[in-house]
Amino acid sequence: METIAGIFDSRASAERVVQELHSLGIPNDRIAFLTPGMSEKQVEREVPTTDTEAPGEGRAMGGAVGGAMGVAGGASLGMATASLLVPGVGPVIAGGLLGAAVLGAGGTVTGMAVGKALDEALADGLPRDELYLYEHALRKGRSVVIAFAENNESAERVRETFEDARAESIDAAGENWWRELRSAEEANYNSRGGDFRRDEESYRHGFEAALNTKWRGRPYDEAAPDLNKFSSEGGGEDAFRLGYERGLAYHKSLREKHSN
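Reading the values: the criteria
Residues numbered from 1 in each chain as written. Predicted model: local features only at pLDDT ≥ 70, side-chain atom pairs only at ≥ 80, totals over all residues. Heavy atoms only, no water. Helix = DSSP H or I, 4+ residues; strand = E, 2+ residues; numbered from the N terminus. Buried < 20%, exposed > 50% of the residue type's maximum accessible area, 1.4 Å probe, protein only. Contact = heavy atoms within 4.5 Å. Areas by Shrake-Rupley, 256 points an atom, 1.4 Å probe, with all protein chains shown as cover. Phe/Tyr/Trp six-rings, centres within 6.5 Å; stacked < 30°, edge-to-face > 60°. Axes fitted to C-alpha atoms, helices over the stretch in contact; angles between N-to-C directions. Parallel < 35°, antiparallel > 145°, perpendicular 65-115°, else oblique. Left-handed = near helix turned anticlockwise from the far one by under 90°. Nonpolar A, V, L, I, M, F, W, Y, C, P; charged D, E, K, R; others polar. Pairing = 2+ DSSP bridges. Core = buried A, V, L, I, M, F, W, Y, C linked by side-chain atoms within 4.5 Å. Salt bridge = Lys/Arg side-chain N within 4 Å of Asp/Glu carboxyl O.

A. Expanded view of the overall build of the protein. When its secondary structure is counted, the protein shows 11 helices and 7 strands. Considering the protein as a whole, with its 260 residues, one finds that 48% of them fall into the buried category. Long-range pairs, those at least 24 residues apart, make up 67% of the contacts in the protein with a sequence separation of at least 6. Accessible area of the protein: about 12,400 Å², with a carbon and sulfur share of 45%.

Here is the structure:
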């Protein structure tokens, strides 16, 4: 099974792609749809808070399961939806069983599944290491569609559908995200006496590792045993560690900014 994701400038474009995925024979339980949701005040008033925890997130988001998601013209995507308050992101509407699962809202997933367990192999394939890019897109008002394809032929058809809709790929999103941060990170690193151009690869690996849900919020020394295979890449452990620490600070600042 292969995971393919696309980022869309508008919710309408993402909805059209979900409908096209249906026409390709991909069922709702193999599609995740994420889009910016209601205002935070609306969510706080209408959505009960739960103690469900996403890895590394501490107290998690409030969540409530809704009916099928409507689209323009009164049609329906046929996907159960959940309204979520995601730490560091804000209000999000998650469509499909996998929509909430990607964000780690376990309790909400149970409700959306209507008694049907999330397939273990599918759960293991959730793209946790890309979550920070989905969150970044959502903060910018963009929408995300993720599809799980059963075979190579299906995966190629999904990619073509995304390309035809001019979706941004995850690889491109990652490069654009880093480009936004790069100048500030280069200045900070060089001010400490480092050579950013030489060490950028390792530094970036560290920065991104700190945003992975496996290690979010964990001090470097605590996470280090699990990070060894990453820190050995690129410019070395010192650059990786500094990147990791900067990544932790970056994520903390986002949580604080979007909690106000």
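There's more to say after this.
B. Quick peek at the packing of aromatic side chains. Summed over all chains, the structure comprises 13 aromatic pairs. Taken together, a centroid distance of 5.8 Å and an interplanar angle of 85° make the contact between Phe8 and Phe162 edge-to-face. Note that Phe8 is positioned in strand β1 (residues 2-8) and Phe162 in helix α7 (residues 152-164), a separation of 154 residues in sequence. Accessibility expressed as a relative area gives 1% for Phe8, which makes it buried. For the ring pair Trp178 and Phe207, a centre distance of 5.6 Å and an interplane angle of 75° mean the geometry is edge-to-face.

C. Region of the structure containing the packing of helix α9 (residues 196-209) against helix α11 (residues 237-257). At a closest axis distance of 6 Å, the pairing of α9 and α11 adopts a crossing angle of 40°. It follows that α9 is oblique to α11 by the angle criterion. The hand of the α9/α11 crossing is right-handed. Residues Asp199, Ser202, Tyr203, His205, Gly206, Phe207 and Ala209 of α9 touch α11, and the partners they reach there are Ala239, Phe240, Leu242, Gly243, Tyr244, Arg246, Gly247 and Tyr250. Residues of the contact of α9 with α11, tallied by class, amount to 8 nonpolar, 5 polar and 2 charged.

D. Focus on the pairing of strand β5 (residues 90-95). Counting buried positions along β5 yields 6 of 6 residues, so the element is predominantly enclosed. Here 4 bridges tie strand β2 (residues 31-36) to β5, and the two strands are oriented antiparallel to one another. Within β5, the residue paired with Leu34 across the bridge is Ala94.

E. Focus on the nonpolar core. Tyr134, Ile146, Trp177 and Phe207 are the most contacted members of the largest nonpolar core, which totals 38 residues. The next biggest cluster of nonpolar side chains, apart from the first, holds 17 residues, and it includes Ala14, Val17, Leu21 and Val145.

F. The pattern of salt bridges, seen in detail. In this structure the tally under the stated criterion is 20 salt bridges. Salt-bridge contacts for Glu175 lead to Arg204; the nearest nitrogen and oxygen are separated by 3.2 Å. Placement of Glu175 in helix α8 (residues 170-191) and of Arg204 in helix α9 is noted, with a sequence separation of 29 residues between them. Owing to a relative accessible area of 40%, Glu175 belongs among the partly exposed residues under this scheme. Note that Arg218 is salt-bridged to Asp226, the shortest N-O span being 3.7 Å. If you follow the salt bridges from partner to partner, you end up with Arg182, Glu186, Arg197 and Glu200 in one network.

Interpretation note: all reported values are geometric properties and have no functional meaning in isolation.
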